[in-house]
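# Commentary on secondary and tertiary structure
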Amino acid sequence: MSLEKILIVDDEESILNQLRWGLAGEYEVLTASNMDEARRMMRDEKPSIVTLDVTLGPPSAGPEGLDLLDEIVEKHPLTKVIMVTGNDSRENAITSIRRGAVDWYAKPIQLDELKVILRRAFHVRAIEEARRPGAHDARRRYHRLVGESEAIRKVFALVQRVANTDATVLIAGENGTGKELVAHAIHATSRRSAGPFVPINCGAIPENLLESELFGHEKGSFTDAHRTREGRFELAEGGTIFLDEIGELPTHLQVKLLRFLQDHVVERVGGRESLRVDARVVAATNQDLQAAQRSGKFREDLYYRLSVVNIAVPPLRERGDDLRLLAEYFLDYYAKHYKRKIRGFTQAALRAIQAHAWPGNVRELENRVQRAVILTQDAYLHPEDLELAGSEPPPARTLQDAREEAERTLIVEALTRNAGNITRAAREIDVSRPTFHDLLHKHGIDASRYRRSDLPEEEAEET
């Protein structure tokens, strides 16, 4: 098995010799004593990890290592950089971490400490590689839907089962949960996928215009009807019409919709002929339609026609680790869209995301991440970038704070990947089980939060 490549960049030959000897056998050690050599090694050898001296050459040259750090972050985004300095400069430490370094330490080098930092950097790299677009897509994505929680996978399963039928589907869920994306997934995996997907929000169009929008009108049927116009149902011929906020549909139009569901015919405003239309209906609501029935606002017969299959989209607060997965998905998407070099979230930002109630659900999360990507000036997003700083302590201001955040992130990631199994998580980050328990206590992490209910009994006992 080939060894992982690490590049040591330092202008002190004694340091290069020490690390060549000390790390031999565990890694393939490459060395460079100046920026030009380092650039060539990065281009030709593509190391996974770089340890980089802040000051290369004479002190008068300034912190050239920070300039090289910027180049590596831009041109080799998966490479993890550990900054090194000959003095305990807190300013250089915080600056390097904010500019994209994964960690930092001061000379003289303690080999055992460096090995721990290197292992941690490799774990961070592995995590980021796993999050790249396409990684684990079969489990994490279903068309434009993203998630792997039990709650959202139930939605995926229902979509798969109902898509290839022509059954009418009623999607229920709070605002911002992604009901239209579920409707898109149903259409995209159905036999009608080559046909049009026609959405209309029944609550966004004035009542006096809604009938014409849905069913069309004949020329001269009302003032300003200067020509015959097809409605949304006709435009959806051979495809799917998505009726969002169906609970806002006026009673007299509920009757016309009921007729379409029964006979698949529509009648334009001012028209005398019934037109047959082949379109599937998928509807969505954030209301309790059964309560609306009792109050006389929604027809009972229409409700039963619409709800042949019901799909309940869970709110974000019930989707567990999907919250973090979605945040990282949006960050990756908008960083590429706006061409921003952003590496991820700080641990403080992740805590703020977990603590927030998300009343606006996925839509709110997407908007906050998009705004943060546009406005941030750092390599990592902080709570204040997401406008979530009010409920969180301030971001890390010391080297110790930064290392504590990195350590906690590593532990949480290991627990998440191993479904709360402490034995496996400890083995993954190369510590003993008692040490792992000490780390859980130190950071106040409850491993049971990461367990899955579908674990076999013998695996659950290991946690």
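The model shown is predicted, which means the values in this text are computed figures rather than measured ones. (Residues numbered from 1 in each chain as written. Predicted model: local features only at pLDDT ≥ 70, side-chain atom pairs only at ≥ 80, totals over all residues. Heavy atoms only, no water.)

### Some remarks on the overall build of the protein
For clarity, the threshold we go by: Secondary structure elements follow DSSP: runs of H or I no shorter than four residues count as helices, runs of E no shorter than two count as strands, and numbering proceeds from the N terminus. For the exposure calls, accessible area comes from a 1.4 Å probe over protein chains only, and a residue counts as buried if that area is under 20% of its type's maximum, exposed if over 50%, partly exposed in between. Using a 1.4 Å probe, accessible areas were evaluated by the Shrake-Rupley method; residue-level cover was limited to the displayed protein chains.
Within the protein, the regular secondary structure consists of 20 helices and 16 strands. Out of the 463 residues in the protein, the part that is buried amounts to 50%. For the protein, the computed accessible surface area is about 22700 Å², with 48% contributed by carbon and sulfur atoms.

### Things to note about unusual backbone geometry
Of note, the bond from Lys107 into Pro108 is cis; its omega dihedral lies within 30 degrees of zero at 0°. Note that Pro108 resides in the loop between strand S5 (103-106) and helix H5 (111-130).

### So, the packing of aromatic side chains
Convention followed: For this analysis, a ring pair means two rings from Phe, Tyr or Trp (six-membered ring only for Trp) whose centres lie within 6.5 Å, classed as stacked if their planes differ by under 30 degrees, edge-to-face if by over 60, and tilted for the remaining angles.
The final tally for this structure, using the stated rule, is eight aromatic pairs. Centre to centre, the rings of Phe215 and Phe233 are 5.2 Å apart; their planes meet at 5°, and the pair counts as stacked. With Phe215 in helix H9 (residues 207-215) and Phe233 in helix H10 (residues 232-235), this pair connects stretches of sequence that are 18 residues apart. For the pair Phe215 and Phe233, one class covers both residues: buried. Look at Tyr303 and Tyr304: their rings are 5.3 Å apart centre to centre, the planes differ by 75°, and that puts the pair in the edge-to-face class. Given the relative accessible area of 11%, Tyr303 is considered buried.

### Examining the pattern of salt bridges
Our working definition: Any carboxyl oxygen of Asp or Glu within 4 Å of a side-chain nitrogen of Lys or Arg constitutes a salt bridge here.
Using the criterion set out here, one finds 29 salt bridges in the structure. Ionic pairing is found between Arg43 and Asp44, a salt bridge with its closest N-O pair at 3.2 Å. The exposure class assigned to Asp44 is partly exposed, which follows from its relative accessible area of 43%. The salt bridge involving Arg324 is made with Glu328; its shortest N-O contact spans 3.0 Å. Of this pair, Arg324 and Glu328 both sit in helix H14 (residues 322-337), four residues apart, which is roughly one turn of that helix. For Arg324, a relative accessible area of 14% puts it in the buried group. When salt bridges with common partners are traced through the structure, they connect Asp10, Glu12, Asp53 and Lys107 into a single cluster.

### Some points on the packing of helix H17 (residues 399-417) against helix H19 (residues 433-443)
Selection criterion: The convention used is that axes are lines fitted to C-alpha atoms, helices contributing only their stretch in contact, and that angles between N-to-C directions extend from 0 to 180 degrees. Angles below 35 degrees are treated as roughly parallel, those above 145 as roughly antiparallel, those between 65 and 115 as roughly perpendicular, and all remaining angles as oblique. For any helix crossing, the convention is left-handed if the near helix is rotated counterclockwise from the far helix by under a right angle, and right-handed if that rotation is clockwise. Note on definitions: a residue-residue contact is assigned when non-hydrogen atoms from the two residues lie within 4.5 Å. Basically, the charged four are Asp, Glu, Lys and Arg, the nonpolar ten are Ala, Val, Leu, Ile, Met, Phe, Trp, Tyr, Cys and Pro, and anything else, Gly included, counts as polar.
Their axes nearest at 11 Å, the elements H17 and H19 cross at an angle of 120°. As summarised for this structure, H17 and H19 are arranged oblique, according to the angle between their axes. Crossing of H17 over H19 shows left-handed handedness. In contact with Glu404, Glu407, Arg408, Ile411 and Leu415 of H17, H19 contributes Phe436, Leu439, Leu440, Lys442 and His443. Across the contact of H17 with H19, the residue classes tally to five nonpolar, one polar and four charged.

### Topic: the environment of Ile353
Mapping Ile353 onto the fold places it in helix H15 (residues 347-355). For Ile353, a relative accessible area of 2% gives the class buried. Sequence separation between Ile353 and Leu323 is 30 residues, and the spatial gap between their C-alpha atoms is 7.8 Å. Other than its neighbours up to four places away in sequence, Ile353 contacts Leu323, Ala327, Phe345, Trp358, Leu386 and Leu388.

### Here's the deal with the sheet that holds strand S10 (residues 240-244)
Where we set the bar: Any two strands with at least two DSSP bridges between them are considered paired.
Taken together, five strands build an open sheet; the order of strands is S9-S10-S13-S8-S14 and the sheet is parallel. Two strands lie at the open edges of the sheet, namely strand S9 (197-201) and strand S14 (309-312), each paired on one side alone. Each neighbouring strand pair of the sheet contributes to a mean axis angle of 20°, computed without reference to strand direction. With four bridges joining them, strand S8 (residues 169-172) and S14 adopt parallel strand pairing. Across the sheet, residue Ile171 finds its bridge partner in S14, namely Ile311.

### Overview of a nonpolar patch on the surface
Note the following rule: Any residue with relative accessible area above 30% and no salt bridge may belong to a patch, with like charges joined within 9 Å and the nonpolar Val, Leu, Ile, Met, Phe, Trp and Tyr side chains within 5 Å.
A contiguous nonpolar surface patch, about 290 Å² in accessible area, is contributed by Tyr338, Ile374 and Leu375. Here Tyr338 is to be found in the loop between H14 and strand S15 (344-345).

### Structural notes on the sheet that holds strand S1 (residues 5-9)
The strand order across the open sheet formed by five strands is S2-S1-S3-S4-S5, and the pairing between neighbours is parallel. With one partner strand each, in any of the chains shown, strand S2 (28-32) and S5 form the two edges of the open sheet. Each strand of the sheet is rotated relative to its neighbour by a mean of 20°, with strand direction disregarded. The sheet contact formed by S1 and S2 spans five bridges and is parallel. Bridged to Lys5 within S2 is Glu28.

### Some points on the pairing of strand S13 (residues 280-285)
Most of S13 sits out of view: six of its six residues are buried. Going residue by residue along S13, you find Arg280, Val282 and Ala284 tucked away on one face and Val281, Ala283 and Thr285 tucked away on the opposite face as well. When S8 meets S13, the two strands line up parallel, connected through four bridges. Bridging from a neighbouring strand, Leu170 pairs with Ala283 of S13. Bridge count between S10 and S13: four bridges; the pairing is parallel. Looking at the pairing, Ile241 lines up with Val281 of S13.

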